[in-house]
Amino acid sequence: MNLPLEAYFQQIETAISTCSQLTSFTLDGEKRDTYEGFIRAEIKFTDGSILRVREFVSVEISVDRDMYAYQYMDATNSLIFRYDNTPHHKKLNLPTYPNHKHDGSEENVTTSSAPTLLDVLQEITARVESFL
């Protein structure tokens, strides 16, 4: 596939900026070398909730997110959920290890695929819209 890193950064910006429940966002794409980069974003939604995004990505052959964390919090900064692939829950023997989801609290760790940012934004949009 060999997607240029700048094109991946642009895909991320487009996914964020077209989110229907967005109020504002900051995005920083840091190019580490020709194919690797680090993305950090903070996205605010109409209900006051916030998504914090971190991705370390390599695009040399395909898009590989070597590290990701999507932390979603309510307006009081209480955790709603976080998807990440930090290898710190091996003892739970999750079939998707190291991919997992913290659902509602740090302690409630569940099986999860490795969602894309677009997947997470769609989940948040549906959640925000259901409370309107």
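Above this text sits the structure in question.
A brief report on the enclosed structure follows. What you are looking at is a predicted structure, and each value in this text was computed from that prediction instead of being measured.

## Quick look at helix H1 (residues 5-17)
Its 13 residues place the ends of H1 18 Å apart at the C-alpha level, agreeing with the 18 Å of an ideal helix rising 1.5 Å per residue. Along H1, the positions that sit buried rather than exposed are Leu5, Tyr8, Phe9, Ile12, Ala15 and Ile16. The arc that holds every buried residue of H1, seen down its axis, measures 125°, which confines them to one face. The inward-facing, buried residues of H1 abut strand E1 (22-31), strand E2 (36-45), strand E3 (50-58), strand E4 (64-73) and helix H2 (117-130).

## Digging into the sheet that holds strand E6 (residues 100-103)
The antiparallel open sheet is built from seven strands, whose spatial order is E1-E2-E3-E4-E5-E6-E7. Pairing within the sheet leaves two strands with one partner each, and these edge strands are E1 and strand E7 (109-111). Across this sheet, the average inter-strand angle for adjacent strands is 15°, counted without regard to direction. Pairing geometry for E2 and E3, over nine bridges, is antiparallel. Within the sheet, the bridge partner assigned to Glu42 lies in E3 and is Arg52.

Reading the values: the criteria
Residues numbered from 1 in each chain as written. Predicted model: local features only at pLDDT ≥ 70, side-chain atom pairs only at ≥ 80, totals over all residues. Heavy atoms only, no water. Helix = DSSP H or I, 4+ residues; strand = E, 2+ residues; numbered from the N terminus. Expected span 1.5 Å × (residues − 1). Buried < 20%, exposed > 50% of the residue type's maximum accessible area, 1.4 Å probe, protein only. Arc of directions from axis to C-beta. Contact = heavy atoms within 4.5 Å. Pairing = 2+ DSSP bridges. Axes fitted to C-alpha atoms, helices over the stretch in contact; angles between N-to-C directions.

Note that all results are geometric; they support no functional claim without further evidence.
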